[in-house]
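Chain by chain, the residues:
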Amino acid sequence: MHLAAFPRIRLGHFPTPLEFMPNLTRHLDGPNLYIKRDDCTGLASGGNKTRKLEFLAAQALEQGADTLITQGAVQSNHARQTVAAAARLGLKCKILLEQRVAGANEEYEESGNVLLDRLMGGEIVARLPAGSNMQQAMEDLAAELRGAGHKPYVIPGGGSNPVGALGYVGCAQELLNQSFETGVRIDHVVHATGSTGTQAGLVVGLRASNSGIPVYGVSVRAARQQQEENVWKLVQATVDYMGLPAASVERADVVANSDYVGAGYGVPTDSMLEALRLTAGLEAILLDPVYSGKGMAGLIDLIRSGHFKKGENVVFIHTGGSVGLFGYRQALSGQA
Ligand SMILES: *Cc1c(COP(=O)(O)O)cnc(C)c1O
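Every value quoted in this text rests on a predicted model; they were computed, and no experiment measured them.

### Comments concerning the environment of isoleucine 69
Thinking step 1. When you line up the elements, isoleucine 69 lands in strand 3 (residues 67-73).
Thinking step 2. Once the C-alpha coordinates of isoleucine 69 and isoleucine 285 are considered, the two residues, 216 residues apart in sequence, prove to be 31 Å apart.
Thinking step 3. Ignoring any residue separated from it by four or fewer positions in sequence, one finds isoleucine 69 in contact with Lys94, Met138, Leu141, Ala142, Leu145, Pro152, Tyr153, Val154 and Ile155.

Right under this line is the structure:
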């Protein structure tokens, strides 16, 4: 693999730390728990989209873009990091927000990521109803801008296409280097999976390097079968984009679990709240209510049910999102 062959601009602080979580490990009395701090990527409070945006924004600049367009849920961490990247690069940023979460209150609509979107000069062009064709809405906006003489670059939701997934191929390499340097043998990698770029990149990076380390995605939205299919499609597209042999990856390398979604995307669950409190109270690490909280809820349950075992070393990828906590004050204070 030759990642340096693809244009990339530096936006984040890398490598992110790989840390042991002694207190959570002791509390759960299961495998040794490590955490890869991709919440500390450094771009306006960080998160996993920064790695993807280093490749996406490089392509946008290469194409002479003056405006980034993207979309996400109202509390989208991806939209916030895209606004931040645009600000750093002197580009305009226009975002479309989908009102994907029912019954949202004012804090959800205006605080957390939305507050930061505005602070950094992002323009919220529209808030569209749940289920809108967001990709089409972005294409329409791009056409309108082109008509007015601008050069928009459209980034798909979550930055999840083969270009964005390269960021997590890079993360896999970074993780293997850290494993080598610290002498920590990694037996499993676990993380929250949504728009699939993170999991696809990790699977390609960890498989194409023959590390043999399995990746376990905890879905925050789609049912297992659908999520695995979505990830697998992007795995294949990424392998193709990188010019790797198709046989570098197999369908069986893509494993997702959708038991921890609860009532739906962005809707709090009891196990998510427990995961937030345990990780904050025992390790002073802040997860988020939509992604990493549900991902950690999955990891905790899978430890309690014996899926991950004592003596194994499990790395949880902290994909960020704690800014979103401020959009969920009521749920967190038990008044949901
Ligand atoms: C976007 C996001 C994810 C999911 O990553 P995908 O690449 O979209 O699957 C996980 N955690 C956080 C905090 C995110 O913002």
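### Regarding helix 6 (residues 134-147)
Thinking step 1. Taking 1.5 Å of rise per residue, 14 residues should cover 20 Å, and helix 6 covers 20 Å from first to last C-alpha, within 8% of that figure.
Thinking step 2. Capping the start of helix 6, asparagine 133 holds a side-chain oxygen 3.4 Å from the backbone nitrogen of glutamine 135, two or three residues further along.
Thinking step 3. Residue glycine 149 follows helix 6 closely and has a positive phi angle near 90 degrees.

### Considering the packing of helix 2 (residues 49-62) against helix 3 (residues 77-89)
Thinking step 1. At a minimum axis distance of 10 Å, the contact between helix 2 and helix 3 shows a crossing angle of 45 degrees. The angle between helix 2 and helix 3 places the two elements in the oblique class. For the pair helix 2 and helix 3, the crossing hand works out as right-handed. Together, Lys49, Thr50, Leu53, Ala57 and Leu61 of helix 2 and Asn77, His78, Gln81, Thr82, Ala85 and Leu89 of helix 3 make up the contact between the two elements.

### Concerning the site of the ligand
Thinking step 1. Around the ligand sit 17 residues, and of these Lys49, Lys52, Ser195, Thr198 and Thr319 come closest.
Thinking step 2. Within the backbone of glycine 194, a nitrogen or oxygen atom sits 2.7 Å from an oxygen atom of the ligand.
Thinking step 3. For the ligand, an oxygen atom lies 3.4 Å from a polar atom in the backbone of glycine 197.
Thinking step 4. Here the ligand, which alone exposes 380 Å², has 98% of that area covered by the protein.
Thinking step 5. The set of elements that each furnish at least two residues to the shell around the ligand consists of helix 2, strand 7 (188-193) and helix 8 (197-208).

### Quick notes on the domain arrangement of the chain
Thinking step 1. You can read the domains of the chain as domain 1 (3-47 + 161-334) and domain 2 (49-155).
Thinking step 2. The distance between the C-alpha centroids of domain 1 and domain 2 comes to 23 Å.
Thinking step 3. On the domain 2 side, the residues contacting the 42 residues of domain 1 number 33 residues.
Thinking step 4. Counting the surface domain 1 buries against domain 2, the share from its top three residues, Ile9, Leu11 and Leu43, is 19%.
Thinking step 5. On the surface where domain 1 and domain 2 come into contact, there are 4 salt bridges.
Thinking step 6. Linking glutamate 174 and arginine 51 is a salt bridge whose minimum nitrogen-to-oxygen distance equals 2.9 Å.
Thinking step 7. Taken together, the links from domain 1 to domain 2 amount to 17 residue pairs in polar contact (both at pLDDT 80 or more).
Thinking step 8. Contributions of two or more residues to the side of domain 1 that touches domain 2 are made by helix 7 (162-182), helix 8 and helix 12 (329-332).
Thinking step 9. It is helix 7 that contributes the most residues to the side of domain 1 that touches domain 2, 7 residues altogether.
Thinking step 10. For the side of domain 1 that touches domain 2, the per-class residue count stands at 18 nonpolar, 17 polar and 7 charged.

### Considering the packing of aromatic side chains
Any aromatic ring pair is given by two values, namely how distant the centres are and how the planes are angled relative to each other.
Thinking step 1. By the definition in use, this model includes 5 aromatic pairs.
Thinking step 2. Ring centres of phenylalanine 20 and tyrosine 34 lie 5.0 Å apart, and the angle between their planes is 45 degrees; this geometry places the pair in the tilted category. Of this pair, phenylalanine 20 sits in strand 1 (residues 18-20) while tyrosine 34 is found in strand 2 (residues 32-37), placing the two residues 14 residues apart along the sequence.
Thinking step 3. A residue is classified by how much of its surface remains accessible, and phenylalanine 20, at 39% relative accessible area, is partly exposed.

Conventions and cut-offs
- Residues numbered from 1 in each chain as written.
- Predicted model: local features only at pLDDT ≥ 70, side-chain atom pairs only at ≥ 80, totals over all residues.
- Heavy atoms only, no water.
- Helix = DSSP H or I, 4+ residues; strand = E, 2+ residues; numbered from the N terminus.
- Contact = heavy atoms within 4.5 Å.
- Expected span 1.5 Å × (residues − 1).
- Polar contact = N/O pair within 3.5 Å; in protein donor to acceptor, adjacent residues only side chain to side chain.
- Axes fitted to C-alpha atoms, helices over the stretch in contact; angles between N-to-C directions.
- Parallel < 35°, antiparallel > 145°, perpendicular 65-115°, else oblique.
- Left-handed = near helix turned anticlockwise from the far one by under 90°.
- Near = heavy atom within 4 Å.
- Areas by Shrake-Rupley, 256 points an atom, 1.4 Å probe, with all protein chains shown as cover.
- Domains from an automatic or database assignment.
- Buried area = accessible area lost by both parts, 1.4 Å probe.
- Salt bridge = Lys/Arg side-chain N within 4 Å of Asp/Glu carboxyl O.
- Nonpolar A, V, L, I, M, F, W, Y, C, P; charged D, E, K, R; others polar.
- Phe/Tyr/Trp six-rings, centres within 6.5 Å; stacked < 30°, edge-to-face > 60°.
- Buried < 20%, exposed > 50% of the residue type's maximum accessible area, 1.4 Å probe, protein only.

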